[in-house]
Amino acid sequence: MQPQDHFVSARKAEWNELDAVLIRAPALHRLPPSTISRVAALYRSVCSDLMHARSAGYETELLAHLDRIAAGAHNLLYGARPVRLAALGAFVIRDFPRTLRAHASIPSKSQPPRRCDATGPSAAAGSRPGAARGSSFAGVELTQAAGRDSRVDRSLHDDAGVA
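The rules we used
Residues numbered from 1 in each chain as written. Predicted model: local features only at pLDDT ≥ 70, side-chain atom pairs only at ≥ 80, totals over all residues. Heavy atoms only, no water. Helix = DSSP H or I, 4+ residues; strand = E, 2+ residues; numbered from the N terminus. Buried < 20%, exposed > 50% of the residue type's maximum accessible area, 1.4 Å probe, protein only. Areas by Shrake-Rupley, 256 points an atom, 1.4 Å probe, with all protein chains shown as cover. Core = buried A, V, L, I, M, F, W, Y, C linked by side-chain atoms within 4.5 Å. Contact = heavy atoms within 4.5 Å. pLDDT = per-residue confidence, 0-100. Salt bridge = Lys/Arg side-chain N within 4 Å of Asp/Glu carboxyl O. Phe/Tyr/Trp six-rings, centres within 6.5 Å; stacked < 30°, edge-to-face > 60°.

Caption draft 1: Inspection of the overall build of the protein at higher detail. Helix and strand content of the protein: 5 helices and 3 strands. Here the protein holds 163 residues, and the buried ones make up 23% of them. Of the roughly 11700 Å² of accessible surface on the protein, a fraction of 57% belongs to carbon and sulfur atoms.

Caption draft 2: Representation of the nonpolar core in the model. Ranked by internal contacts, the top residues of the largest apolar core, which has 25 residues, are Trp15, Leu18, Ala53 and Leu62. The set of elements that each furnish at least two residues to this core consists of α1 (4-24), α2 (33-56) and α3 (60-78). Here this core takes 8 residues from α3, the largest share from any one element. When sequence neighbours within four positions are dropped, the list of residues in contact with tryptophan 15 reads Phe7, Val8, Val46, Asp49, Leu62, Leu66 and Ile69.

Caption draft 3: Molecular detail of the confidence of the model for the protein. When pLDDT is averaged along the protein, the result is 75; 62% of the residues meet or exceed 70. Predicted confidence in the protein is weakest over strand β2 (residues 137-145), with a mean pLDDT of 45, and strongest over α2, with 95. Confidence drops under a pLDDT of 50 for residues 130-160, and excluding neighbours within four residues, the segment shows 61 contacts in the predicted structure.

Caption draft 4: Region of the structure containing the pattern of salt bridges. Taken as a whole and judged by the stated rule, the model has 6 salt bridges. Here glutamate 17 and arginine 38 are joined by a salt bridge, their closest N and O atoms 2.9 Å apart. Highlighted residues: glutamate 17 in helix α1 and arginine 38 in helix α2, separated in sequence by 21 residues. Assessed through its relative accessible area of 35%, arginine 38 is described here as partly exposed. Ionic pairing is found between aspartate 19 and arginine 68, a salt bridge with its closest N-O pair at 3.2 Å. Placement of the pair is aspartate 19 in helix α1 and arginine 68 in helix α3, with a sequence separation of 49 residues. On the accessibility criterion, arginine 68 (45% relative accessible area) is partly exposed. A single salt-bridge network, built from bridges that share partners, covers Arg11, Glu14 and Asp49.

Caption draft 5: Geometry of the side chain of serine 45. On the secondary structure map, serine 45 appears in helix α2. Not counting residues up to four positions away in its chain, the partners in contact with serine 45 are Arg11 and Glu14.

Caption draft 6: Quick look at the packing of aromatic side chains. Applying the stated criterion across every chain yields a total of 4 aromatic pairs. Ring geometry for phenylalanine 7 versus tyrosine 58: centroids 5.3 Å apart, planes at 45°, classification tilted. On the criterion of sequence distance, the pair formed by phenylalanine 7 in helix α1 and tyrosine 58 in the loop between α2 and α3 is long-range, its members being 51 residues apart. Connected via pairs of aromatic rings, a cluster forms that spans Phe7, Trp15 and Tyr58.

Following this line, the structure appears as structure tokens:
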């Protein structure tokens, strides 16, 4: 194993380079691509150095220094981008309503009314819903009255056989 002094003198230049980028770079997306690649390579190198220093039992000050640099580089590389108010406003005003309209199924006047029935083992077997349990089932039929949807409740009673 390498003594700590030799290890530090051999690796210190790269640690200082990464530390300097962390101090002067407010956001990764504003850096040129070559710098981003260099930061990623330096980050991997510092992580490797940190693991080596831990396994070799080097001083806690060195471990804390390397840990701080590695954590800062990790946050720079993998941290979330800051939220911009303009993007949030565009989402609320434009994107969300557009997506809602694209995926919402709103019945039109030309569509026939839909009926909601129970599905399950008793319905699949061909018997009336709820017949297996001897209870009643409330179905809801959607109809269009005066240009708007209205709900009409209908009860199906198994004991009386009334539909």
